[in-house]
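Coordinate analysis (summary)
Here's the letter readout for the chains.
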Amino acid sequence: MVVISEIFGKAKSEGRKFLLEHEAKMVCMEYDIPVTKLKVATSVQEAIKYAEEIGYPVVLKILSPDVIHKFDVGGVILNVKSSKEVEEAYNKILRNIKEKVPNAKILGVTVQEMAPPSTEVIVGGLKDPQFGPVVMFGLGGIFVEILKDVTFRIAPINEEEAREMITEVKAYPILEGYRGAPPADVDTIVKILVNTSKLMMDYQEIKELDLNPIMVYEKGAKTVDARIILE
Ligand code: ADP
Ligand code: MG
């Protein structure tokens, strides 16, 4: 618990109203929400060392308080498979950011475990002015963005309510296994929803939380990108 208040304190002392990706993922880990393994590198040598510790393939991403949408500015490189590719990706990310966000303060490059592609879900948290902390669930991509196929509950929620949220979205049959695909690990999504609800209840200074996407497997899940916005 100490870790979380320290992370929030650091953000506030730096005048930030949001956590950086590695900070948001550390908060998630404290609440048993599975995230991709991640290390912060500040040199090519360090990036290679971390990639080798994590195991190939890895993902490299810009770490900067001035880059909110990392992918759009060439700040995310997926499927990096060797030390040579780490070096190339590291330098390419820095070049891309210098070109597209010239004044960005660069804190480093995160080296992450590459989560294999799978069914993507989204878990969110927000603070409703009337109801307080609320949790959200939906399937990734078009389901949330275009079809608005999402569901909400007022926190705190228990396992039963979390399971209800998952089964009531229209896209639920996809999680049950669709056209021969194996069923997704719904129990793990239930845990993530319950733990997100706990986190929102315990830390009322969280204004918004966005685990988007979470890759869900036959067994287990991995949060690939996490954002937390503070009051
Ligand atoms: P952005 O800041 O643009 O939202 P993300 O961190 O979400 O950047 O990365 C963009 C996309 O790249 C993600 O939506 C996901 O599809 C993919 N991605 C990012 N990190 C990983 C990872 N560790 N493993 C697998 N895919 C990833
Ligand atoms: Mg993202």
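These numbers come from a predicted model, not from an experiment.

Quick look at the domain arrangement of the protein chain
As assigned here, the protein chain comprises domain 1 (2–113) and domain 2 (119–230). Taken over C-alpha atoms, the centre of domain 1 sits 23 Å from the centre of domain 2. Across the domain 1 to domain 2 interface the summed buried area is about 1,900 Å²; carbon plus sulfur atoms make up 63%. Our count for the domain 1 to domain 2 interface comes out at 2 salt bridges. Between Lys 70 and Asp 225 there is a salt bridge, and its shortest N-O distance comes to 3.3 Å. Summed over the shared surface of domain 1 and domain 2, the number is 11 residue pairs in polar contact (both at pLDDT 80 or more). Listed by contribution, the elements that provide at least two residues to the side of domain 1 that touches domain 2 are helix 1 (2–13), helix 2 (21–30) and strand 4 (108–113).

Focus on the side chain of Thr 188
Counting through the fold element by element, Thr 188 comes out in helix 8 (residues 186–202). Using a relative accessible area of 14% as the deciding quantity, one classes Thr 188 as buried. Not counting residues within four places of it along the chain, the set of residues in contact with Thr 188 comprises Gly 220 and Ala 221.

Notes on unusual backbone geometry
For the peptide bond that leads from Tyr 56 to Pro 57, omega is -5 degrees, which places it in the cis range. Take Pro 57: it is sitting in the loop between helix 3 (44–54) and strand 2 (58–63). A cis geometry characterises the amide bond from Asn 212 onward to Pro 213, with omega recorded as 0 degrees. Mapped onto the fold, Pro 213 is located in strand 8 (residues 206–216). Unlike most non-glycine residues, Asn 79 shows phi in positive territory, near 60 degrees. Counting through the fold element by element, Asn 79 comes out in strand 3 (residues 76–80).

Conventions used here
- Residues numbered from 1 in each chain as written.
- Chains lettered and ligands numbered in written order.
- Predicted model: local features only at pLDDT ≥ 70, side-chain atom pairs only at ≥ 80, totals over all residues.
- Heavy atoms only, no water.
- Domains from an automatic or database assignment.
- Buried area = accessible area lost by both parts, 1.4 Å probe.
- Salt bridge = Lys/Arg side-chain N within 4 Å of Asp/Glu carboxyl O.
- Polar contact = N/O pair within 3.5 Å; in protein donor to acceptor, adjacent residues only side chain to side chain.
- Helix = DSSP H or I, 4+ residues; strand = E, 2+ residues; numbered from the N terminus.
- Buried < 20%, exposed > 50% of the residue type's maximum accessible area, 1.4 Å probe, protein only.
- Contact = heavy atoms within 4.5 Å.

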